[in-house]
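Structural overview for review
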Amino acid sequence: MAIATVNPATGETLTTFEALDERELERRLQLAEATFRTYRTTSFADRARLLNRAADLLDEDREDVARTMSTEMGKPLAQARAEAAKCAKAMRWYAEHAESLLADEVPAERDVKDSGGSRALVRCRPLGPVLAVMPWNFPLWQVMRFAAPALMAGNVGLLKHASNVPRTALWLEDLLRRAGFPEGCFQTLLVGSGAIDAILRDDRVKAATLTGSEPAGRAVAATAGEMIKKTVLELGGSDPFVVMPSADLDRAAETAVTARVQNNGQSCIAAKRFIVHADVYDAFVERFVAGMAALTVGDPMAEGTDVGPLASEQGRADLEELVDDARHGGADVLCGGERPDRPGWWYPPTVLAGITREMRIHREEAFGPVATLYRAGDLDEAVLIANDTPFGLSSNVWTRQEAEVERFVRDLEAGGVFVNGMTASHPAFPFGGVKRSGYGRELAGQGIREFCNITTVWHGA
């Protein structure tokens with residue numbers, strides 16, 4: 001795949017970039033290793049000052065970088081602005097909280113004495129250069145939720161971003177440089193996916209984090225396992241959105257539309273499977289389909305656009321295959337389902353009903369504005385349908401019955417359960433999944449400690 005900015009609204013190639021040659025890649029790896037030796041000794045106060053400065057610069061540049069994101073991957077401009085603001089918020093959050101999150105832990109005195117020691121502590125120390133393999137769908141946020149905690153922990157970052165968002169990737173490197181981070185603290189590596197294996201095998205790279213597809217995660221995990229290096233993987237999702245009889249149907253349906261089409265439907269944590277109790281199925285579906293059909297599909301740069309184009313031609317083709325397979329298997333298309341005749345990679349908000357286990361869309365992730373509907377006879381069936389997927393990233397549950405909430409929290413196989421609301425990430429809450437959605441956690445205290453050497457320090461009596 002070429003490293004290029006291609007406008008998905010028109011299919012026009014705007015800029016192409018040359019991949020780094022071996023000599024330049026080697027120089028950057030040497031720089032990362034050298035920078036880490038000194039950056040690791042900086043104080044939390046110094047790191048926080050730099051990260052807060054980067055957040056200020058991001059606020060100043062918000063409009064420009066938002067337009068860059070919209071141009072490269074097609075998200076509506078308002079959503080791109082919100083993504084930039086969210087990144088600044090996360091940077092400030094980690095600048096404020098990193099020191100306390102990584103503070104020394106002191107074991108109970110009785111346990112220290114029982115070990116034969118006089119004193120002990122547990123300290124979190126940085127690992128070194130961390131490789132981040134990041135996707136295009138949230139080209140700023142996906143990177144920052146790794147970079148902010150990693151830099152505050154004293155690590156340095158090597159970013160291999162998706163090849164269709166090179167301008168955003170280079171802007172990120174420049175942002176942190178302008179903020180005053182030492183050269184080599186955060187470097188964008190303009191390389192193809194074929195270079196990832198060799199970079200990860202390099203002894204100077206100590207760990208890796210990947211957000212992306214299941215095949216990409218398998219490849220990185222296999223190499224990291226062979227090299228015995230820590231990884232965090234956030235892969236696909238096919239999140240359930242369960243609606244029970246006690247739910248506020250108007251709010252649930254309105255939220256369901258946003259939850260399905262956020263980021264043009266190209267989000268791992270977008271609700272994709274809508275599982276509705278039989279008692280309220282018809283009423284919910286009427287509201288939901290009307291909301292999906294009323295969305296404004298158009299120029300992502302135009303104010304008021306709800307849904308822009310998909311990010312790539314291949315992505316649209318993959319989505320069309322899933323819809324066509326479901327249609328041929330007997331699914332009902334309640335709205336959408338047909339590609340518009342226009343330049344660019346557009347696909348309309350689509351709702352499918354009558355889904356069966358034999359259809360590909362039942363077990364594969366639909367990465368675009370396509371929703372699937374399921375009718376559940378009771379809570380037990382709703383849980384069974386929700387868990388009948390290889391993924392387990394997050395989940396949404398709509399009910400005003402506390403007993404039902406507790407049952408869903410106990411039984412849903414997911415890294416998050418959002419009750420009467422839409423799944424979202426926030427720097428204060430750990431984020432990640434189970435099953436084929438990956439392992440490890442980003443954000444919060446769990447995220448900043450993923451790439452730390454958690455060290456026991458013990459003193460004899």
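Before going into details, it helps to say that this report is about the structure given with it. (Residues numbered from 1 in each chain as written. Predicted model: local features only at pLDDT ≥ 70, side-chain atom pairs only at ≥ 80, totals over all residues. Heavy atoms only, no water.)

Quick word on the overall build of the chain
A count of helices and strands for the chain gives 16 helices and 19 strands. For 461 residues, the compact-globule estimate of 2.2 N^0.38 gives 23 Å, and the chain sits close to it at 23 Å. Its C-alpha atoms give the chain principal-axis dimensions of roughly 70 × 60 × 40 Å. Here the chain, with 461 residues, has 55% of them falling under the buried criterion. (Helix = DSSP H or I, 4+ residues; strand = E, 2+ residues; numbered from the N terminus. Rg over C-alpha atoms; globule rule 2.2 N^0.38 Å. Buried < 20%, exposed > 50% of the residue type's maximum accessible area, 1.4 Å probe, protein only.)

Quick look at the packing of helix H4 (residues 77–101) against helix H6 (residues 141–153)
Relative placement of two packed helices is described by the angle separating their axes and the distance separating the axes. The geometry of H4 relative to H6 is characterised by a closest axis approach of 9 Å and an angle of 15° between their N-to-C directions. Relative to H6, H4 is oriented roughly parallel. Of the two possible hands of crossing, H4 and H6 adopt the one that is right-handed. Residues Glu 83, Lys 86, Cys 87, Ala 90, Met 91, Tyr 94, Ala 95 and Ala 98 of H4 lie in contact with H6, whose contacting residues are Trp 141, Met 144, Ala 148, Pro 149 and Met 152. (Axes fitted to C-alpha atoms, helices over the stretch in contact; angles between N-to-C directions. Parallel < 35°, antiparallel > 145°, perpendicular 65-115°, else oblique. Left-handed = near helix turned anticlockwise from the far one by under 90°. Contact = heavy atoms within 4.5 Å.)

Observations regarding the pattern of salt bridges
In total, this model carries 38 salt bridges according to the counting rule given. Of the charged contacts, one joins Asp 59 and Arg 92 as a salt bridge, the two residues approaching to 2.7 Å between their closest N and O atoms. Separated by 33 residues along the polypeptide, Asp 59 in helix H2 (residues 44–60) and Arg 92 in helix H4 bring together distant segments of the chain. Judged by relative accessible area, which is 28%, Asp 59 ranks as partly exposed. Exposure remark for Arg 92: the relative accessible area of 29% places this residue in the partly exposed category. We note a salt bridge from Arg 375 to Asp 282, for which the minimum N-O separation is 4.0 Å. One end of the pair, Arg 375, is in strand S13 (residues 370–376); the other, Asp 282, is in helix H11 (residues 281–293), with 93 residues separating them in the sequence. (Salt bridge = Lys/Arg side-chain N within 4 Å of Asp/Glu carboxyl O.)

What to know about the packing of helix H14 (residues 379–387) against helix H15 (residues 402–411)
Two elements in contact, H14 and H15, have axes whose closest approach is 11 Å; the angle formed by their N-to-C orientations is 30°. Relative to H15, the element H14 lies roughly parallel. You can see that H14 and H15 cross each other, and the crossing is right-handed. For the pair H14 and H15, the contacting residues are Leu 379, Asp 380, Val 383 and Asn 387 in the first and Glu 404, Arg 407, Phe 408 and Asp 411 in the second. Its residues assigned to classes, the contact of H14 with H15 shows 3 nonpolar, 1 polar and 4 charged. (Nonpolar A, V, L, I, M, F, W, Y, C, P; charged D, E, K, R; others polar.)

Side note on the sheet that holds strand S12 (residues 350–353)
Strand order across the open sheet formed by 7 strands is S11-S12-S13-S10-S9-S15-S16, with mixed pairing between neighbours. Each edge of the open sheet carries a strand with a single partner, namely strand S11 (332–335) and strand S16 (418–419). Looking at chain direction, strand S15 (residues 396–398) and S16 are connected through 2 bridges and run parallel. Its bridge partner lying in S16, Asn 396 is registered against Phe 418. Strands strand S9 (239–243), strand S10 (271–277) and S13 of the sheet are contacted by H14, whose axis makes an angle of about 145° with S13. (Pairing = 2+ DSSP bridges.)

Some points on the sheet that holds strand S5 (residues 156–160)
Strand order in the open sheet made by the 6 strands is S6-S5-S4-S7-S8-S18, with mixed pairing throughout. Here the strands that pair on one side only, and so sit at the sheet edges, are strand S6 (186–188) and strand S18 (438–439). The pairing of strand S8 (residues 230–234) with S18 spans 2 bridges and is classified as antiparallel. The residue of S18 that forms the bridge with Glu 234 is Gly 438. Relative to the sheet, helix H1 (residues 22–39) contacts strand S4 (129–133), S5 and S6, its axis offset from that of S5 by approximately 155°.

Notes on unusual backbone geometry
The backbone phi angle of Asn 264 is positive, close to 60°, even though this residue is not glycine. When you line up the elements, Asn 264 lands in the loop between helix H10 (249–261) and S10. Taking relative accessible area as the criterion, Asn 264 reaches 0% and is therefore assigned buried. Here the phi dihedral of Leu 443 falls at roughly 70°; this positive angle occurs in a residue that is not glycine. Inspection of the secondary structure assignment puts Leu 443 in the loop between S18 and helix H16 (444–449).

Points about the pairing of S8
Along S8, 4 of the 5 residues are buried, which leaves the element largely enclosed by surrounding structure. Bridging between strand S7 (residues 207–211) and S8 involves 5 bridges; their strand directions are parallel. Across the sheet, the residue bridging to Ala 207 is Lys 230, located in S8. In this fold, S7 hands off to helix H9 (residues 214–227), which returns the chain to S8; that crossover is right-handed. (Right-handed = clockwise from strand over helix to strand, strands pointing away.)

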